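As a plain string of letters, each chain reads:
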Amino acid sequence: MMKKATSFTIGKVTGVHGLNGNLKVWSFADSVDTFAPGTSVLLKAEEEQGKTFTILQALPHKKGVILSLEGVDSRNLAEDLIGKEILIDRDQLPEPEEDVWYWQDLLGMDVFDHQKGFVGKITDIFPTGANDVLVVTDKDHETLVPMHKQFVQSVDIEKKSLKTTLPEDY
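Attention in this report is confined to the structure presented alongside it.

1. Details of the packing of aromatic side chains
Here comes step 1: Across all of its chains, the model carries two aromatic pairs by this definition.
Here comes step 2: Here Trp 26 and Phe 28 contribute two aromatic rings whose centre-to-centre distance is 5.0 Å and whose plane-to-plane angle is 90 degrees, an arrangement assigned as edge-to-face.
Here comes step 3: Phe 28 gets classed as partly exposed once you look at its relative accessible area, which sits at 39%.

Here's what the structure looks like:
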């Protein structure tokens with residue numbers, strides 16, 4: 001059985017840079033290396049199919065990346081891409097190091113606490129500087145869980161479950 005390739009959003013086009021079609025990108029990736037030359041990416045807005053491009057060059061720039069895509073060689077073509085998300089196939093990403101996960105692998109996971117049992121599903125994740133924080137939702141109840149070894153006991157990508165050790169009054 002073939003596994004459907006999963007796409008990850010690695011950034012969003014926020015503007016243009018110069019006159020040659022370079023894009024300003026707000027990167028969701030930890031490293032500019034995710035935007036490696038030769039990598040195929042899909043640029044699309046919410047409901048559309050999108051269009052695939054090949055990365056020619058990516059340079060770190062302020063809090064993001066200046067991206068050069070094959071076939072986007074003018075400011076007008078670049079301006080048409082503002083606001084689009086940049087997606088990459090999961091298979092093109094390197095396997096994360098031990099005890100490191102891609103956010104999209106964690107979203108939707110069931111969260112179980114060693115004492116409380118089922119806490120909810122991971123519905124969102126946000127960075128805080130120190131640790132990422134998991135937003136775990138069960139019906140109308142929301143629990144924020146710091147992604148730290150003090151709180152997260154184990155992550156099982158295959159079973160889509162995460163085990164926590166939360167303080168009793170948490």
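Next comes the rest of the write-up.
2. A short note on the side chain of Ser 68
Here comes step 1: With respect to the helices, strands and loops of the structure, Ser 68 is situated in strand β5 (residues 64-69).
Here comes step 2: Among the residues examined, Ser 68 registers a relative accessible area of 14% and is labelled buried.
Here comes step 3: Not counting residues within four places of it along the chain, the set of residues in contact with Ser 68 comprises Asn 22, Thr 54, Ile 55, Leu 56 and Gln 57.

3. Some remarks on the sheet that holds strand β4 (residues 51-61)
Here comes step 1: Read once around its circumference, the closed barrel built from six strands follows the order β1-β2-β5-β4-β3-β6, with strand pairing classed as antiparallel. Each neighbouring strand pair of the sheet contributes to a mean axis angle of 45 degrees, computed without reference to strand direction.
Here comes step 2: By the bridge criterion, six bridges tie strand β1 (residues 7-17) to strand β2 (residues 22-27) in an arrangement that is antiparallel. Directly across from His 17, in β2, lies its bridge partner Asn 22.

4. Observations concerning the environment of Asp 33
Here comes step 1: By the secondary structure assignment, Asp 33 is in the loop between β2 and β3 (40-44).
Here comes step 2: In this structure Asp 33 comes out as exposed when scored by relative accessible area, which is 61%.
Here comes step 3: Spatially, the C-alpha atom of Asp 33 lies 20 Å from that of Asp 99, the residues being 66 residues apart in sequence.

5. Details of the nonpolar core
Here comes step 1: Ranked by internal contacts, the top residues of the largest apolar core, which has 21 residues, are Leu 23, Phe 35, Val 41, Leu 43, Leu 67, Leu 69 and Ile 86.
Here comes step 2: Taken together, the elements giving at least two residues each to this core come down to β1, β2, β3, β4, β5 and β6 (85-89).
Here comes step 3: Element by element, the count of residues in this core is highest for β1, at four residues.
Here comes step 4: Here Val 41 is in contact with Ile 10, Lys 51, Thr 52, Phe 53, Ile 55, Leu 69, Ile 86 and Leu 87, once residues within four sequence places are set aside.
Here comes step 5: Val 119, Val 136, Phe 151 and Val 155 belong to the second-largest nonpolar core, a separate cluster that totals 15 residues.

6. As for the pattern of salt bridges
Here comes step 1: Enumeration over the complete set of coordinates arrives at three salt bridges.
Here comes step 2: The residue Arg 75 makes a salt bridge to Glu 79 at a minimum N-O spacing of 3.3 Å. On the criterion of helical spacing, the pair formed by Arg 75 and Glu 79 is a turn pair, its members being four residues apart in helix α1 (residues 75-79).
Here comes step 3: A residue is classified by how much of its surface remains accessible, and Arg 75, at 32% relative accessible area, is partly exposed.
Here comes step 4: On the accessibility criterion, Glu 79 (37% relative accessible area) is partly exposed.
Here comes step 5: Of the charged contacts, one joins Asp 110 and Lys 121 as a salt bridge, the two residues approaching to 2.6 Å between their closest N and O atoms. Note that Asp 110 is positioned in strand β7 (residues 110-113) and Lys 121 in strand β8 (residues 117-127), a separation of 11 residues in sequence.
Here comes step 6: Relative accessible area serves as the criterion here: at 38%, Lys 121 is assigned to the partly exposed category.

Analysis parameters
Residues numbered from 1 in each chain as written. Predicted model: local features only at pLDDT ≥ 70, side-chain atom pairs only at ≥ 80, totals over all residues. Heavy atoms only, no water. Phe/Tyr/Trp six-rings, centres within 6.5 Å; stacked < 30°, edge-to-face > 60°. Buried < 20%, exposed > 50% of the residue type's maximum accessible area, 1.4 Å probe, protein only. Helix = DSSP H or I, 4+ residues; strand = E, 2+ residues; numbered from the N terminus. Contact = heavy atoms within 4.5 Å. Pairing = 2+ DSSP bridges. Axes fitted to C-alpha atoms, helices over the stretch in contact; angles between N-to-C directions. Core = buried A, V, L, I, M, F, W, Y, C linked by side-chain atoms within 4.5 Å. Salt bridge = Lys/Arg side-chain N within 4 Å of Asp/Glu carboxyl O.

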